[in-house]
Amino acid sequence: MPWREERDVFRQMEFDMHRFTEEALRAFLDGPGGFSRFWQPSADIHETESGFVFKLELAGATTDSLAVALSGDGKRLTVSGSRAEPEEERAGRVGCQQLEIYFGPFERTFVLPGEFEADRDRIGATLKNGFLTITLPRKERAVAPPRSIPIEVEE
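Each value, and the rule that gives it
Residues numbered from 1 in each chain as written. Predicted model: local features only at pLDDT ≥ 70, side-chain atom pairs only at ≥ 80, totals over all residues. Heavy atoms only, no water. Helix = DSSP H or I, 4+ residues; strand = E, 2+ residues; numbered from the N terminus. Buried < 20%, exposed > 50% of the residue type's maximum accessible area, 1.4 Å probe, protein only. Pairing = 2+ DSSP bridges. Salt bridge = Lys/Arg side-chain N within 4 Å of Asp/Glu carboxyl O. Axes fitted to C-alpha atoms, helices over the stretch in contact; angles between N-to-C directions. Core = buried A, V, L, I, M, F, W, Y, C linked by side-chain atoms within 4.5 Å. Contact = heavy atoms within 4.5 Å.

## Observations concerning the environment of Leu132
Part 1: Along the chain, the position of Leu132 falls in strand β7 (residues 131–137).
Part 2: Of the residues examined, Leu132 reaches a relative accessible area of 5% and is grouped as buried.
Part 3: Placed 53 residues apart in sequence, Leu132 and Val79 show a C-alpha to C-alpha distance of 9.6 Å.

This is the structure in structure tokens:
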């Protein structure tokens, strides 16, 4: 094996060990079951006047490989799926300089604030330009009109 190939193998091993350590630490800090996930897409979450918006970076994923679910109690939003590397892209490789793009299954669960109640009928999700955007509108509370209460006279 030529020196260049050996150096590339060691560089890739070093990168893989760094990535594995980083993922293991993230999984440990994320809590129970963390080691069952292979990778987690990056996410931005922000609150608006009307609810919450979740934006996940999922370049290469397709709508067929994704699932979005709100728990029965409405307190947890879970996004799961997988991202596959096309076989034709891997077939021609003779060596790797750097591998940073994660492929395979993933799952992310987000806990919603206790006072927030989502309007289940208006939740939406769109996949555009490699970003999955999920909108959770706030459930509007019906405000009852004022009610006049008669006062009875007791004798």
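## Some thoughts on the pairing of strand β2 (residues 51–57)
Along any regular strand the residues' side chains alternate between the sheet's two faces.
Part 1: Taking burial as the measure, the seven residues of β2 include five buried ones, the bulk of the element.
Part 2: Summarising the sheet, strand β1 (residues 43–48) and β2 pair through six bridges and their orientation is antiparallel. Residue pairing in the sheet places Ala43 in a bridge with Leu56 of β2.
Part 3: In this antiparallel pair of consecutive strands, β1 and β2, the connection spans two residues.
Part 4: Across seven bridges, the pairing between β2 and β7 is antiparallel. Among the inter-strand pairings, Phe52 is bridged to a residue of β7, identified as Leu136.

## Remarks on the pattern of salt bridges
Part 1: Scanning the model with the defined rule gives five salt bridges in all.
Part 2: Among the salt bridges present, the one from Glu47 reaches Arg138, with a minimum N-O distance of 2.8 Å. With a gap of 91 residues between them, Glu47 in strand β1 and Arg138 in the segment after β7 connect regions that are remote in the sequence.
Part 3: A relative accessible area of 27% means that Arg138 is categorised as partly exposed.

## What about the sheet that holds strand β4 (residues 76–83)?
Part 1: Across the sheet, which stays open at both edges, the three strands sit in the order β3-β4-β5 with antiparallel pairing between neighbours. Since the sheet does not close on itself, it has two edges, and those belong to β3 (66–70) and β5 (104–111), each with one partner. Averaged over neighbouring strand pairs, the angle between their axes works out to 10° when direction is ignored.
Part 2: Pairing of β3 with β4 involves five bridges; the strand directions are antiparallel. Opposite Val68, over in β4, you have Val79 as the bridge partner.

## Some points on the pairing of strand β6 (residues 124–128)
Part 1: Sheet topology note: the β6/β7 ladder contains five bridges and is antiparallel. Its bridge partner lying in β7, Leu127 is registered against Leu132.
Part 2: Taking the residues that link successive antiparallel strands as the turn, the β6-β7 hairpin has two residues, and the phi of Asn129 there is positive, at about 55°.

## Quick word on the nonpolar core
Part 1: Counting residues in hydrophobic clusters, the biggest one holds 19 residues, and the most contacted among them are Phe54, Leu56, Leu58, Val79, Leu132, Ile134 and Leu136.
Part 2: Residue assignment for this core shows that the elements contributing at least two residues are β2, β3, β4, β5 and β7.
Part 3: Beyond its immediate stretch of four places on either side in the chain, Val79 contacts Leu56, Ala67, Val68, Phe106, Glu107, Arg108, Phe110, Leu132 and Ile134.

## So, the sheet that holds β2
Part 1: Spatially, β1-β2-β7-β6 is the arrangement adopted by the four strands of the open sheet, whose pairing is antiparallel. Looking at the sheet topology across the chains shown, the edges are occupied by β1 and β6. With strand direction ignored, the average angle separating the axes of adjacent strands in the sheet is 15°.

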